[in-house]
Amino acid sequence: MNVDRLARVRANLRDLGLSQMLLVDPLSIWWLCGYYTEPYERFLGLYVSCDESRRPVMFCNRLFPAVGDACADVRTFDDTEDPMALVSAVCDHGTTLGVDKELAARWLVPLMEAGAAAGFRLASGAVDDARSLKDAREQDLMRAASATNDRAMEWLVAQLRPGITEAQIADGLLTEYRRLGASDHSFSPIVSFGDHGADPHHEPDNTPFELGDVVLFDVGCKQDWYCSDMTRTFFTAEPTEHQRRVYDTVRRANEAAEAIVAPGVEFAKIDLTARRIIEDAGWGPYFTHRLGHQIGLVDHEPGDVSSAHHEGVRPGQCFSIEPGIYLPGDIGVRIEDLLIVTEHSCEILNHYPKVLTVLTCHG
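The structure contained in this document is the topic of the report that follows. (Residues numbered from 1 in each chain as written. Predicted model: local features only at pLDDT ≥ 70, side-chain atom pairs only at ≥ 80, totals over all residues. Heavy atoms only, no water.)

### Here's the deal with the sheet that holds strand β2 (residues 45-49)
Within a sheet, adjacent strands bond to each other through the backbone by hydrogen bonds, running parallel or antiparallel.
Here is step 1: In space, the six strands of this open sheet follow the order β4-β3-β2-β1-β5-β6, with mixed pairing throughout. Here the strands that pair on one side only, and so sit at the sheet edges, are β4 (73-77) and β6 (119-122). Strand-to-strand twist across the sheet, computed as the mean angle between neighbouring axes with direction ignored, equals 25 degrees.
Here is step 2: Relative to strand β3 (residues 57-61), β2 is paired through three bridges, and the arrangement is antiparallel. Paired with L46 across the bridge in β3 is M58.
Here is step 3: Helix-sheet contacts for helix α3 (residues 83-90) involve β1 (20-23), β2, β3 and β4, and the interaxial angle to β4 is about 150 degrees. (Pairing = 2+ DSSP bridges. Helix = DSSP H or I, 4+ residues; strand = E, 2+ residues; numbered from the N terminus. Axes fitted to C-alpha atoms, helices over the stretch in contact; angles between N-to-C directions. Contact = heavy atoms within 4.5 Å.)

So this is what it looks like as structure tokens:
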């Protein structure tokens, strides 16, 4: 059990007025104690009490891999037994039980019916907040994953040739990631040719690349558990003045937002900094999403960079800065980096160039 992380979760629970919690998110369990298994339809849980004299309790089906020394108190069951009876037995029935957002109704309702606690409350924030503050080791892993993503962008650009389809490039990316040392995508890659870039979440299809297309790549890998995410937009012919203005506006918005990131600056102010540049250029209605999202063990972690998030950023948080302009039937441009908040400013994790680039593509 990682005692520092456990202490942070307990402190957050106390701040929420809670004294106990049941976690079922496999990644949060791994983050706390180093044990991971995918339970599928079976139950996996970790009970945490704020009473430091009470050890965390792991609940595992007997067919799961052995927990080992990841948790000192393990309660096992088989497919014919009711794991909720085991959970209920360790809960403090006189106080509220915090639960995480992954707890399915098929487990929560029996706990409620059994009177396992005086009440039930969504408490994912206690773990989400703790996970958002990356320690030194986690920051190194985030840097390494982004370095791999930078190298993968070079491979993506090299694939462009007349006739190749969006889907062909997207389908080949996982092999390249694995060659570079990553294990998987952190999300399904976005490959957009021409005006497909105006759909922020375009799914690669059989559209062939043609010389002159604007090309958008939004990709990320998972390496040693941690995720990367980056977007770059390229031209394959000399851009028109209109295209150049769109691109330069998005780049300025990206860089201006990154420039103000420092401890205490509100997430909402970072979003506003980028959004005002796009609005002043006349394309405000075409920047249709929040500026960014936090990232770590999954690509989108809670705590977005948006006008609705008024907390100040804190050292160790990692999030994306990804302004975009999406003009249907015309052009879509997005530029995205990840950054880590440092003691005084921030560190940009992506180093693939953002300068407007006209690619030379060979047949």
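### What about the pattern of salt bridges?
Here is step 1: Counted under the stated rule, the structure contains 25 salt bridges.
Here is step 2: Ionic pairing is found between R5 and D135, a salt bridge with its closest N-O pair at 2.9 Å. Remark: D135 occurs in the loop between α5 (124-132) and α6 (136-158) and R5 occurs in helix α1 (residues 3-15); sequence separation between them is 130 residues.
Here is step 3: Given the relative accessible area of 10%, R5 is considered buried.
Here is step 4: When the shortest N-O distance is used, the salt bridge between D271 and R275 registers 2.8 Å. Separated by four residues within a single helix, D271 and R275 lie in helix α9 (residues 267-280), roughly one turn from each other. Residue D271 shares its accessibility class with R275, and that shared class is buried.
Here is step 5: Connected via shared salt-bridge partners are D25, R131, K134 and E301. (Salt bridge = Lys/Arg side-chain N within 4 Å of Asp/Glu carboxyl O. Buried < 20%, exposed > 50% of the residue type's maximum accessible area, 1.4 Å probe, protein only.)

### Side note on the side chain of E336
Here is step 1: Examined against the element boundaries, E336 turns out to sit in the loop between β17 (331-334) and β18 (337-341).
Here is step 2: At 4.9 Å, R334 is the nearest oppositely charged side chain to E336, a buried residue that forms no salt bridge.
Here is step 3: Side chain to side chain, E336 and T231 meet in a polar contact 2.6 Å long.
Here is step 4: Setting aside residues no more than four positions away along its own chain, E336 makes contact with D218, D229, M230, T231, R232, N254, H293, S320, I321, E322 and N350. (Lys, Arg positive; Asp, Glu negative; His and termini not counted. Polar contact = N/O pair within 3.5 Å; in protein donor to acceptor, adjacent residues only side chain to side chain.)

### Concerning the pairing of strand β16 (residues 324-327)
Here is step 1: A two-sided burial pattern is seen for β16, the buried positions comprising G324 and Y326 on one face and I325 and L327 on the other.
Here is step 2: The antiparallel pairing of β16 with β17 creates a hairpin that spans three residues between the two strands, and G329 there sits at a positive phi of about 75 degrees.

### Here's the deal with the environment of S320
Here is step 1: The topology assignment puts S320 in strand β15 (residues 318-321).
Here is step 2: Owing to a relative accessible area of 0%, S320 belongs among the buried residues under this scheme.
Here is step 3: With 90 residues separating them along the chain, S320 and M230 place their C-alpha atoms 8.2 Å apart.
Here is step 4: Leave out the neighbours within four places in its chain, and S320 touches L291, G292, H293, V305, E336, D337 and L338.
Here is step 5: Polar side-chain contacts of S320 include one of 2.8 Å to the side chain of E322.

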